[in-house]
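Examination of the molecular architecture
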Amino acid sequence: MFIPKELKDEIVARNDIVDVLSEHIALKRSGSDYVCCCPFHNEKTPSFHVSRERQRYKCFGCETGGGVITFLMKYENMTFPEAVKHLADRVGIDLPERELTDEEKKRITKREKLFDINLTAAGYFHYLLVNTERGKVGYEYFRKRGITDETIKNFGLGYADVYRDDLYKYLKSKGYSNELMRDAGLVKFDEKYGASDMFWNRVIVPITDMSNNVIAFGGRVLGDAKPKYLNTRETEVFNKSRNLFAMYTAKSKCKKGIILCEGYMDVIAMHQAGFQNSTASLGTAFTEGQAAIVKKYTSDVYLAYDSDGAGTNAAMKAISILRKYDMSQKVINLKPYKDPDEFIKAEGAEAFEERIKNALNGRLFEIDFISSSYNLDDPEEKTKFMKASGKLLAGIDDKVERSNYIEKVATKYYLDKEVLKGIVSEIGLAGLAQRNLADTMPDDTADIPDVVDNRVRREKKATKEENPSEEKEMYLLTIMANNEELVGKLSDVLSEKDFTEGITGEVARLMFEQYRSTGKVDVASIICDFEDLESQEKVSKIFTTDFDFDTTPSAMEKILTDLIIKVKTNNIDKQLTAGNVTNRIQLAQEKEKVKKLRINL
């Protein structure tokens, strides 16, 4: 679809970056910026900054950055046209009809092929489970877990055979290429051993996206092999931190809230028992990306995590994330049972419904957790408990809500209300308030580093290997973009034709054209002129790089002089070595003239 630049700029201009990103991540005001923990790599201290003034974002941890379109392409895995259409629909702008480019067709076709091969694999796994003698071992496993035939059918449960290349041979017989099998995360290839299925001798649970496309699989081993549970690695259609198991069904059943479990077997048991508003994260701790998905459908979340120590820690971290998104958090008490599956088998659905009604508020759950570390019959221990509780209560922003919590905690643990209130006030005034208990806990349930983290490492490595001449041109553009009047002041010694390395030529052209027509440089507009994610992030780097020198006029003149001489000299050297230059003497004279250049602002 050809979108006129004027229309594209209007779409970007009408979609404020803070408003759009706030629909996906939990931003908080910090000075003139908005901040949060980066959604593209694992961190505890927020380093992801969004500027409303400049309409762009940057993470100072992994150094990713861009505009509103870049974010949607990276976070939601959208193509450029999909991101533009999403933003256009968001503000009620109609887009012209157009033909897809060959590259767009290729990507859309690739995604469709991945959906198709996953669906074929799911059908094969299910067929083995319910129709073959080989699959009986898997079928009996599910039946022993109390899973009915109807549930097996509804979830498309399956079985991966004991042979390492069983799925490979089947997919090959259906005409699928080795490359597609590998890209779908279904088969791995080794020069010595050939093709080997990712899943074998396991019961299989298909994982679907919000449109009910099969995007991945979970497998539980039958035997003693490791790992016990295995998920498809991340692919072009599967991002584990931004998908939730069975959310396609749960999203339409969540009028009374979502029940968040730890694993897909718990969710399957819950759905079978009538709790179809249940979902689970996929092999990782609950993430902000998953919280953003849930927030689209409900603000009420019930945590049905395992009742052991690991489950409690996971619940603490989930409470912290949900609180960032202003979502209510309640924890279901499963004791004396370990998990929802075990509870329902022993007590039934009605008893579980009663536990939901009596679920403990997230803040009270945190305080209840720390109470177990103190002997409240001992005055000294009781004092420590009051101070620890006071830190959590002081972290409640709303004055009325904080007062209600103080009264509730004082009543439950037989504490003097006025004394506790005084402790909370002192802690608040001293700036020692603690918003989340999880912030002080060991990070033993943090997400396993995934494809995004690997990509960050590759990008950092690539940065070190970049063309030095391109780096100089990019840095010169950085200075000019942050001091847009320089585009005009330097126009007698510098033009877009001086930028010849990589992407800088196009960026310079857009900057100079903008300034000549408007007297300004619109960074957000320039970023969205590049349709592939890699280019957008590279352009964004130009506009978000920090200066590492003194920005006084004298220092600025010196650095500009040095950069412009090097950029223009490099351009002349390229012409001299091109081999088809007729006037070499004139170029040599021009080079000598450039070396004497001095910038005066």
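Preceding block: the structure.
Below or above, wherever it landed, is the structure these notes cover. All values reported here derive from a predicted model rather than from experimental measurement.

In terms of residue burial, strand β9 (residues 202–208) counts as a mostly covered element, since seven of its seven residues are buried. Of the two faces of β9, the one lined by Arg202, Ile204, Pro206 and Thr208 and the one lined by Val203, Val205 and Ile207 are each fully buried. Note: strand β6 (residues 158–160) against β9, three bridges, orientation antiparallel. Pairing of tyrosine 159 across the sheet is with valine 203, part of β9.

This part is about helix α19 (residues 417–429). Given a rise of 1.5 Å per residue, 13 residues ought to cover 18 Å, and the 18 Å separating the end C-alpha atoms of α19 matches this to within 8%. The complete set of buried residues in α19 reads Leu420, Ile423, Val424 and Ile427. Viewed end-on, α19 has its buried residues packed into an arc of 100 degrees, placing them on one side of the element. For α19, the exposed residues set more than 90 degrees away from the buried face come down to Glu418, Glu426 and Leu429. Buried residues along α19 sit against α17 (379–394) and α18 (399–412). One side-chain oxygen at the N-terminal end of α19 lies 3.0 Å from the backbone nitrogen of glutamate 418; it belongs to aspartate 416.

Here we come to the nonpolar core. Core analysis: the largest hydrophobic core is formed by 84 residues, its most contacted members being Leu21, Phe48, Ile69 and Leu303. Ignoring any residue separated from it by four or fewer positions in sequence, one finds isoleucine 69 in contact with Val12, Phe80, Ala83, Val84, Leu87, Cys528 and Gln536. Of all hydrophobic cores here, the second largest spans 61 residues; its members include Tyr124, Phe142, Ile147 and Ile215.

Bringing the sheet that holds strand β5 (residues 65–66) into the picture now. One open sheet accounts for five strands, arranged β1-β2-β3-β4-β5; its pairing is antiparallel. This sheet does not close on itself; its edge strands, each paired only once, are β1 (28–30) and β5. Sheet analysis places β1 next to strand β2 (residues 33–36), joined by three bridges and oriented antiparallel. By the bridge assignment, serine 30 is partnered in β2 with aspartate 33.

Along the chain, threonine 504 falls in helix α23 (residues 504–518). On the accessibility criterion, threonine 504 (0% relative accessible area) is buried. Here the side chain of threonine 504 touches glutamate 501 through a polar contact of 2.6 Å, landing on its backbone oxygen. Aside from chain neighbours lying at most four places away, what touches threonine 504 is Glu470, Glu473, Met474, Leu477 and Phe499.

All right, on to the packing of helix α11 (residues 264–272) against helix α14 (residues 340–347) then. Angle between the axes and distance between the axes are the two parameters that describe a pair of packed helices. As a packed pair, α11 and α14 sit with axes 8 Å apart at the nearest point and diverge in direction by 35 degrees. Between α11 and α14, the contacting residues are Asp266, Ala269 and Met270 on the first element and Pro340, Asp341 and Ile344 on the second. Here the contact of α11 with α14 is composed, by residue class, of four nonpolar, no polar and two charged.

A few words now on the packing of helix α21 (residues 468–482) against α23. Put simply, α21 and α23 touch, their axes get as near as 10 Å, and they point 20 degrees apart. If you check the angle between α21 and α23, you find them roughly parallel. In the crossing of α21 with α23, the sense of the turn from one axis to the other is left-handed. For the pair α21 and α23, the contacting residues are Glu470, Glu473, Met474, Leu477, Met480 and Ala481 in the first and Thr504, Val507, Ala508, Met511 and Phe512 in the second. Looking at the contact of α21 with α23, its residues break down into eight nonpolar, one polar and two charged.

So, how was this worked out
Residues numbered from 1 in each chain as written. Predicted model: local features only at pLDDT ≥ 70, side-chain atom pairs only at ≥ 80, totals over all residues. Heavy atoms only, no water. Buried < 20%, exposed > 50% of the residue type's maximum accessible area, 1.4 Å probe, protein only. Helix = DSSP H or I, 4+ residues; strand = E, 2+ residues; numbered from the N terminus. Pairing = 2+ DSSP bridges. Expected span 1.5 Å × (residues − 1). Arc of directions from axis to C-beta. Contact = heavy atoms within 4.5 Å. Polar contact = N/O pair within 3.5 Å; in protein donor to acceptor, adjacent residues only side chain to side chain. Core = buried A, V, L, I, M, F, W, Y, C linked by side-chain atoms within 4.5 Å. Axes fitted to C-alpha atoms, helices over the stretch in contact; angles between N-to-C directions. Nonpolar A, V, L, I, M, F, W, Y, C, P; charged D, E, K, R; others polar. Parallel < 35°, antiparallel > 145°, perpendicular 65-115°, else oblique. Left-handed = near helix turned anticlockwise from the far one by under 90°.

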